[in-house]
Amino acid sequence: MDDITSKIFDGDIRSIARMITLIENNDSSAINAMKEIHKKSGNAHVIGITGVMGSGKSSLIFDLAYYYRKQGKKVGVIAIDPTSPFSGGAILGDRVRMMELATDDNVFIRSMGTHGMLGGLASSVFDVVEIFDAAGIDIILIETVGVGQAEVDIVKVADTTLVVLVPGLGDSIQTIKAGLMEIADIFVVNKSDKSGVDQIVAEIESMLDISSKKDRAIPIVKTSAKKDIGIAKLLEEISDHKDYLKKEKRLKIKRRKRYETELTEIIRKRLMNLIFDESKFKDKIDVLIDQISKKELDPYSAADEILGKILK
Ligand SMILES: Nc1nc2c(ncn2[C@@H]2O[C@H](COP(=O)(O)OP(=O)(O)O)[C@@H](O)[C@H]2O)c(=O)[nH]1
Ligand SMILES: [Mg+2]
């Protein structure tokens, strides 16, 4: 394990992948190795990208990764989306840019299923971030599924959160959950090659006007991932946000929040494993489910029965 850890610190792509797999399988020596990995982490800029399905998150990530590579930065991508075109370390797609990134040793891509989700994010996202970070990756891009709690929970991991919107969503802004609007550090209006861009920008602006005052104006960046428009501007805004975070201990406070979430998730997960081994109750649970189905029992009373056995 010491060997793997030192190879991770050297940025070895295979060791990074192996470590992540071990962590996802709850391997105890890998978990132990996280002590050293944690010490080495904290330098990467973690960027969360969220927004509805099909808004162009994956496409934007390719473009961002491409631009960051041009700056000589090492890039890690975490795709928490089973439908994402990143799979098993290989990038699918026909764009030249994607092919270039696929063979670049300084681009690390990890897809994660929604397996083992606690709340909205897979708990091992925190570990993957730390492993990437300790491996010397400068920029970590996290794409979340376009629905559910994950898109709101992304702020707990990310330093900077991008919310991607597109023209032509009908009553666009109104249809988007308020929670999603509040988490944005930067709004990205993608598909700006299509019509209706100014309308959505105006909608975001008026929504920002009425929302609670922030100590920082939230930028709105128009992009076209397809036509490579606005990406340089987006990098600039991301960099400005990082500078903003560095002031007045904002980054420290953000990171504390991340660790708080991670710590409580680990405790929750371990407690759960400690006291509730589902396989041990399988037969009993089957019987109870039969009874619930037949209306002989309600789910609460059934839970009382199982809890009674656990706490006995
Ligand atoms: N016209 C146009 N299409 C885009 C743009 N960005 C992405 N797309 C297309 O939108 C579709 C969904 O993109 P994808 O990146 O998979 O979206 P995701 O579900 O948010 O990750 C794909 O067919 C992309 O080629 C853009 O800027 N303009
Ligand atoms: Mg995607």
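Since the structure is predicted, the reported quantities are computational estimates derived from the model, not experimental observations.

1. Structural notes on the coordination of the magnesium ion (ligand 2)
Next up, step 1: All of the protein donors around the magnesium ion (ligand 2) are Ser-58 (OG) and Glu-143 (OE); their distances to the metal are 2.1 Å. Of this pair, Ser-58 sits in helix 4 (residues 57-70) while Glu-143 sits in strand 8 (residues 139-144); the two residues are 85 residues apart in sequence, bridging distant segments of the chain. For the pair shown, Ser-58 and Glu-143 are each scored as buried.

2. Some remarks on helix 14 (residues 299-311)
An α-helix turns once every 3.6 residues. As a result, residues three or four positions apart point the same way.
Next up, step 1: Along its 13 residues, helix 14 runs 18 Å from first to last C-alpha, staying within 8% of the 18 Å computed at 1.5 Å per residue.
Next up, step 2: For helix 14, the set of buried residues is Ala-302, Ile-306 and Ile-310. Take helix 14 and look down its axis: the buried residues cluster within an arc of 80°, on one side only. Facing away from the buried surface of helix 14 by more than 90 degrees, the exposed residues are Tyr-300, Asp-304 and Leu-311.
Next up, step 3: Those residues of helix 14 that are buried are in contact with helix 12 (250-275) and helix 13 (282-293).

3. Comments concerning unusual backbone geometry
Next up, step 1: Unlike most non-glycine residues, Lys-191 shows phi in positive territory, near 60°.
Next up, step 2: Within the secondary structure layout, Lys-191 lies in the loop between strand 10 (186-189) and helix 10 (197-210).
Next up, step 3: Backbone geometry places Glu-248, a non-glycine residue, at a positive phi of 50°.
Next up, step 4: As for its placement among the helices and strands, Glu-248 is situated in the loop between helix 11 (231-246) and helix 12.
Next up, step 5: The exposure class assigned to Glu-248 is exposed, which follows from its relative accessible area of 64%.

4. Observations regarding the pattern of salt bridges
Next up, step 1: A complete count under the given rule lists 14 salt bridges for this structure.
Next up, step 2: Of the charged contacts, one joins Glu-36 and Lys-39 as a salt bridge, the two residues approaching to 3.2 Å between their closest N and O atoms. A residue pair is termed a helical-turn pair when its members lie 3 or 4 positions apart in one helix, as Glu-36 and Lys-39 do in helix 3 (residues 28-40) at three residues.
Next up, step 3: The class for Lys-39 is exposed, based on a relative accessible area of 64%.
Next up, step 4: Note that Arg-268 is salt-bridged to Glu-265, the shortest N-O span being 3.4 Å. In this pair, Arg-268 and Glu-265 are both assigned in helix 12, three residues apart and thus about one turn of the helix distant.

5. Some thoughts on the pairing of strand 9 (residues 160-165)
Next up, step 1: Where burial is concerned, most of strand 9 is hidden: six out of the six residues are buried.
Next up, step 2: In strand 9, alternate side chains face the same way, and those of Thr-160, Leu-162 and Val-164 on one face and Thr-161, Val-163 and Leu-165 on the other are all buried.
Next up, step 3: Here five bridges tie strand 1 (residues 45-51) to strand 9, and the two strands are oriented parallel to one another. By the bridge assignment, Gly-51 is partnered in strand 9 with Val-164.

Each value, and the rule that gives it
- Starting from 1, residues in each chain are numbered consecutively following that chain's sequence as written.
- To read the labels, note that chains go from A and ligands from 1, taken in the order they are written.
- Totals for whole chains, interfaces and linings use every residue, but because this is a predicted model, local features are given only for residues with pLDDT of at least 70 and side-chain atom pairs only at 80 or more, for both listing and counting.
- Side-chain measures here rest on the full set of heavy atoms in the structure, leaving out hydrogens and waters.
- Each metal site lists N, O and S donors within 2.8 Å (3.2 Å for Na, K and Ca). With water left out of the atoms, a site can look as if it is missing ligands.
- Helix and strand assignments come from DSSP, with helices taken as H or I runs of at least 4 residues and strands as E runs of at least 2, each series counted from the N terminus.
- Burial status follows relative accessibility: with a 1.4 Å probe on protein chains alone, a residue under 20% of its type maximum counts as buried, one over 50% as exposed, and anything between as partly exposed.
- Working rule for helices: expected span equals 1.5 Å times residues minus one.
- In this description, the arc belongs to the directions extending from the helix axis to the C-beta atoms.
- A contact between two residues is defined here by any heavy atoms of the two lying within 4.5 Å.
- A pair is scored as a salt bridge if a Lys or Arg side-chain nitrogen falls within 4 Å of a carboxyl oxygen belonging to Asp or Glu.
- Only strands that DSSP links by at least two bridges are regarded as paired with each other.

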